[in-house]
Amino acid sequence: QGSVIRMVPIEEVLYFEAADKYVRVIADKEYLIRTPLKELLPQLDSQVFWQIHRGTVVRATAIDTVSRDEAGKLSLTLRGCNEKIAVSRLYSYLFKAM
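Figured I'd write up the structure that's included with this text. (Residues numbered from 1 in each chain as written. Predicted model: local features only at pLDDT ≥ 70, side-chain atom pairs only at ≥ 80, totals over all residues. Heavy atoms only, no water.)

A closer look at the nonpolar core
Core analysis: the biggest nonpolar cluster contains 16 residues, and Tyr15, Ile52, Val58, Leu76, Leu78 and Phe95 have the highest contact counts within it. Every element with two or more residues in this core is listed here: strand E4 (49-53), strand E7 (74-78) and strand E8 (84-87). Counting residues per element, this core draws most heavily on E7, which supplies three residues. Ignoring anything within four residues of it in the chain, the contact list for Phe95 reads Trp50, Ile52, Ile63, Val66, Leu74, Leu76 and Val87. (Core = buried A, V, L, I, M, F, W, Y, C linked by side-chain atoms within 4.5 Å. Buried < 20%, exposed > 50% of the residue type's maximum accessible area, 1.4 Å probe, protein only. Helix = DSSP H or I, 4+ residues; strand = E, 2+ residues; numbered from the N terminus. Contact = heavy atoms within 4.5 Å.)

Structure, rendered in structure tokens:
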């Protein structure tokens, strides 16, 4: 934020979303980091953070609801976040057992 760097504990992060040259970090607020999602992914625990779209990685324990529309596309909502987040078909297998 300006000339101040805010350290956000990984346990507070709800999801990461690629946005041009940045990654949006959604926690209690929205933050931007300059690390590309491609570089960030190997640093995240795949049991804790699930990639659900080419540009979106969510905290699995933050998932509140998963819904399917008439076309069969999945979307989810996270606890503490009102946005609906799309799940691509490539990653829909994560929710088959549910």
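Examining the packing of aromatic side chains
Scanning all chains against the criterion turns up two aromatic pairs. Centre to centre, the rings of Phe16 and Phe49 are 5.5 Å apart; their planes meet at 55°, and the pair counts as tilted. Note that Phe16 is positioned in strand E1 (residues 15-19) and Phe49 in strand E4, a separation of 33 residues in sequence. Accessibility classification places Phe16 together with Phe49 in one group, the buried group. (Phe/Tyr/Trp six-rings, centres within 6.5 Å; stacked < 30°, edge-to-face > 60°.)

Re the pattern of salt bridges
Applying the stated criterion across every chain yields a total of four salt bridges. A salt bridge links Glu30 to Arg24; its shortest N-O distance comes to 3.1 Å. Of the residues examined, Arg24 reaches a relative accessible area of 16% and is grouped as buried. Glu83 is paired through a salt bridge with Arg24; the nearest N and O atoms lie 3.7 Å apart. A residue pair is termed long-range when its members are at least 10 positions apart, and Glu83 in the loop between E7 and E8 and Arg24 in strand E2 (residues 22-26) qualify at 59 residues. A cluster of three or more residues bridged by salt bridges with shared partners is formed by Glu17, Arg24, Glu30 and Glu83. (Salt bridge = Lys/Arg side-chain N within 4 Å of Asp/Glu carboxyl O.)

Digging into the side chain of Gln51
By the element assignment, Gln51 lies in strand E4. Separated by 3.1 Å, the side chain of Gln51 and the backbone oxygen of His53 make a polar contact. Only 3.2 Å separates the side chain of Gln51 from the backbone oxygen of Arg54, close enough to count as a polar contact. When neighbours within four sequence positions are excluded, Gln51 is seen to be in contact with Leu41, Thr56, Val57, Tyr91 and Leu94. (Polar contact = N/O pair within 3.5 Å; in protein donor to acceptor, adjacent residues only side chain to side chain.)

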